[in-house]
Amino acid sequence: MRWSKPATPTTPETWPPHPPPGETELERAVRVEEEKEAKRTSDAIDRELELERVEQRKHRHSTRVLLLGQAESGKSTMLKNFQLHFAPEAFHAESEAWRAVIHLNLIRSVNFILDLLPGGPSSTLSELRHSRSFSGNTLGDADSLLRHFRVRLSPLRQVELILVQRLSADDPARTAVNVEEATPWYYGRASEVSIRGGSGWKALLRRKWNSQMGARPDELDKARQILHACREDIAELWVHPDVQKGLEAEGVVLRDQSGFFVDDALRIAAADYEPTPLDILRARLQTIGVEQHIISVERFGEPSHRWVFYDVGGAKGHRASWAPFFDDVDAILFLCPMSGFNEVLLEDRRVNRLLDSFNLWKTICMSRLLKGTTFILLLNKTDLLKTKLEAGVSFAQYVKSYKDGPNEHEHVCDYLKRKFVAMCKHNSARERQLHVHVTCATDISTTAIVINRIKDAIVVNNLISSDYL
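Residues numbered from 1 in each chain as written. Predicted model: local features only at pLDDT ≥ 70, side-chain atom pairs only at ≥ 80, totals over all residues. Heavy atoms only, no water.

Going by an unreviewed UniProt entry, the chain carries the name G-protein alpha subunit and comes from Rhodofomes roseus.

See the structure below:
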């Protein structure tokens, strides 16, 4: 049937409609009230439908990924790799903010060293004073040397406070007192500053201080000048044999810790320092709570697309916040730090880190909310695993099920692959898509290859779920 256009325009519908004939005043009042309520309900439904349409348009060109794994598994580093790969301009635009984080990482390591060695508030000995490292005729020289470094590097305490307060400027719970009282001796690790999720610290660092923030506009510049003046002393402190012996006596390996930049002090503390992509990947800043990161693809010739990442806290106390995200993501990106086989959780010294990753993986695989979700497993920190195995640390000593397997990198990686795949098959309600990669998140070139494979895997699984394949 073909509809013809009306010959004359119709008058627009009026509201409220004309009253029926013979209507009493009471009937009219009731009718008008009912019509108003009906219109309010109709308008509310229209608004809900429009919001739903807007949200659907957003998701149409979005890939939603949930990053999971224990603390320091490499989630934040992998996220930065995604941004570097898909949105390099936005990545480089944030380098100013990351410079402050890198400087804070460097300064905290230096202050940690000074506090740990003899005479510092965190030295747990006279142990070192009576150890072979600082014994005999060298004791007086060592004490004199450390006093020299403490005096020369004492301004770094103030720089640390400036950077911490700037990074957490919108968190009223954090004060200078909080920072000063935080102990740098924490199971052989330098302490960290925790930023609340959604704090917008990058934006805060990009704009100048105002009077409400209680700081002068040039405070960060002064902090950089102080650090620049201390750079040669930092470098000398790090390479001094007595300092290295003292750290070795305490069993502290700073190079293996996230955010370690002391061996690059001369470059990092230079007045004209600009962070490299690798520096930004190595930078460490702990986030408390859930952060949503939106990465818009910048590549010319590719369709408009957004990656939406939900980065949730990995510490034991933060894992209750994971479940609400399970029913609204396209993929789970789970990171297991393979090098943690001989380590324990910082928040629970009774739990082995690799065993904790096994238990987390089992719980995720069992979730029915994730039955249609693409699973991507990244066996991360392969470089640190290789270093430990080559140094003679026995994998079988900590992982009994490995039995008498070769203490070699390739064999250990194969074992962990098989272990995680078997756990996934055994604990999943139905067969699921699982993609496994061995990664080093600070290796930009190889990680770029993995990211492309992850993208392809998610796209294919979404097409399958949509019945296009």
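(A) Looking closely at the packing of helix α4 (residues 95-116) against helix α6 (residues 155-167). As a packed pair, α4 and α6 sit with axes 10 Å apart at the nearest point and diverge in direction by 140 degrees. Considering the angle they form, α4 stands oblique to α6. Classified by chirality, the crossing of α6 by α4 is left-handed. Here α4 contributes A100, V101, H103, L104, I107, R108, V110, N111, L114 and D115 to the contact with α6, which in turn contributes L156, R157, V159, E160, L163, V164 and L167. Along the lines of polarity and charge, the residues of the contact of α4 with α6 split into eleven nonpolar, two polar and four charged. (Axes fitted to C-alpha atoms, helices over the stretch in contact; angles between N-to-C directions. Helix = DSSP H or I, 4+ residues; strand = E, 2+ residues; numbered from the N terminus. Parallel < 35°, antiparallel > 145°, perpendicular 65-115°, else oblique. Left-handed = near helix turned anticlockwise from the far one by under 90°. Contact = heavy atoms within 4.5 Å. Nonpolar A, V, L, I, M, F, W, Y, C, P; charged D, E, K, R; others polar.)

(B) Here's a closer look at empty space enclosed by the protein. Counted according to the given criterion, the structure contains one cavity of 30 Å³ or more. Looking at the largest cavity, its volume works out to about 80 Å³. Forming the walls of the largest cavity are eleven residues, and the residues nearest its centre are A100, H103, L163, L220 and R224. Contributing elements (two or more residues each) for the lining of the largest cavity: α4, α6 and α9 (219-239). Its residues assigned to classes, the lining of the largest cavity comprises seven nonpolar, one polar and three charged. (1 Å grid on protein atoms, 1.4 Å probe; cavity = no way out; pocket = protein on both sides within 12 Å on 5 of 7 lines; lining within 4 Å. Points joined across faces, edges and corners; volume = space filled by probe spheres on them.)

(C) Quick look at the nonpolar core. With 46 residues, the main nonpolar core has L106, I113 and I234 as its most contacted residues. No other element matches the twelve residues that α4 contributes to this core. In contact with I234, other than residues within four places in its own chain, are L106, V110, L153, L156, L227, V262 and A265. With 36 residues, the next largest nonpolar core counts C336, F358, C365 and Y415 among its residues. (Core = buried A, V, L, I, M, F, W, Y, C linked by side-chain atoms within 4.5 Å. Buried < 20%, exposed > 50% of the residue type's maximum accessible area, 1.4 Å probe, protein only.)

(D) View of the packing of aromatic side chains. Under the counting rule described, the total for this entry stands at 15 aromatic pairs. Here the aromatic rings of F395 and Y415 are separated by 6.0 Å at their centres, their planes lie at 75 degrees, and the arrangement is edge-to-face. Within this pair, whereas F395 is found in helix α15 (residues 395-398), its partner Y415 is found in helix α16 (residues 409-427), the two being separated by 20 residues in sequence. Note on Y415: relative accessible area 10%, which makes it buried. Ring centres of Y402 and Y415 lie 5.1 Å apart, and the angle between their planes is 70 degrees; this geometry places the pair in the edge-to-face category. Here the residue Y402 occupies a position in the loop between α15 and α16, and Y415 occupies one in helix α16, the gap between them amounting to 13 residues. Just above the ring of W98 sits the side chain of K80; from NZ or CZ to the centre is 4.3 Å. (Phe/Tyr/Trp six-rings, centres within 6.5 Å; stacked < 30°, edge-to-face > 60°. Lys NZ or Arg CZ within 6 Å of the ring centre and 35° of its normal.)

(E) Fine view of α16. Taking 1.5 Å per residue as the helical rise, α16 with its 19 residues ought to reach 27 Å, and the 27 Å between its terminal C-alpha atoms agrees with that figure. Listed in full, the buried residues belonging to α16 are V412, C413, Y415, L416, F420, M423, C424 and N427. One side of α16 carries all its buried residues, which in axial view fall inside an arc of 165 degrees. In α16, the exposed positions that point more than 90 degrees away from the buried face belong to E410, R418, K425 and H426. Taken together, the buried residues of α16 touch β6 (331-337), α13 (353-366), β7 (374-380), α14 (382-390), α15 and β8 (434-438). (Expected span 1.5 Å × (residues − 1). Arc of directions from axis to C-beta.)

(F) Summary view of α4. The end-to-end C-alpha separation of α4 is 31 Å, in line with the 32 Å expected for 22 residues at 1.5 Å each. Among the 22 residues in α4, 21 count as buried, and that is most of the element.

(G) Quick look at the environment of L278. Its location among the elements puts L278 in helix α12 (residues 277-282). Its relative accessible area of 35% is what places L278 among the partly exposed residues. Between the alpha carbons of L278 and I444 there is a distance of 7.5 Å; along the sequence they are 166 residues apart. For L278, the residues in contact, after removing those within four places along its chain, are T442 and I444.

(H) Expanded view of the environment of E37. Mapped onto the fold, E37 is located in helix α1 (residues 25-60). Side-chain polar atoms of E37 contact the side chain of R40, separated by 2.6 Å. (Polar contact = N/O pair within 3.5 Å; in protein donor to acceptor, adjacent residues only side chain to side chain.)

(I) Representation of unusual backbone geometry within the structure. Phi angles above zero are rare outside glycine, and E72 is one such case at about 65 degrees. When you line up the elements, E72 lands in the loop between β1 (62-68) and α2 (75-86). According to the relative accessible area criterion, E72 is buried, its value standing at 12%. One non-glycine residue, K403, lies in positive phi territory at about 55 degrees. Of note, K403 is situated in the loop between α15 and α16.

(J) Focus on the packing of α4 against α9. Running from N to C, α4 and α9 cross one another at 45 degrees; their axes reach a closest spacing of 11 Å. Put simply, α4 runs oblique to α9. In this structure, α4 crosses over α9, and the sense of that crossing is left-handed. Along the contact surface, α4 presents E96, R99, H103, L106, I107, V110, I113 and L114, while α9 presents R224, L227, I234, L237 and W238. Here the residues of the contact of α4 with α9 sort into nine nonpolar, one polar and three charged.

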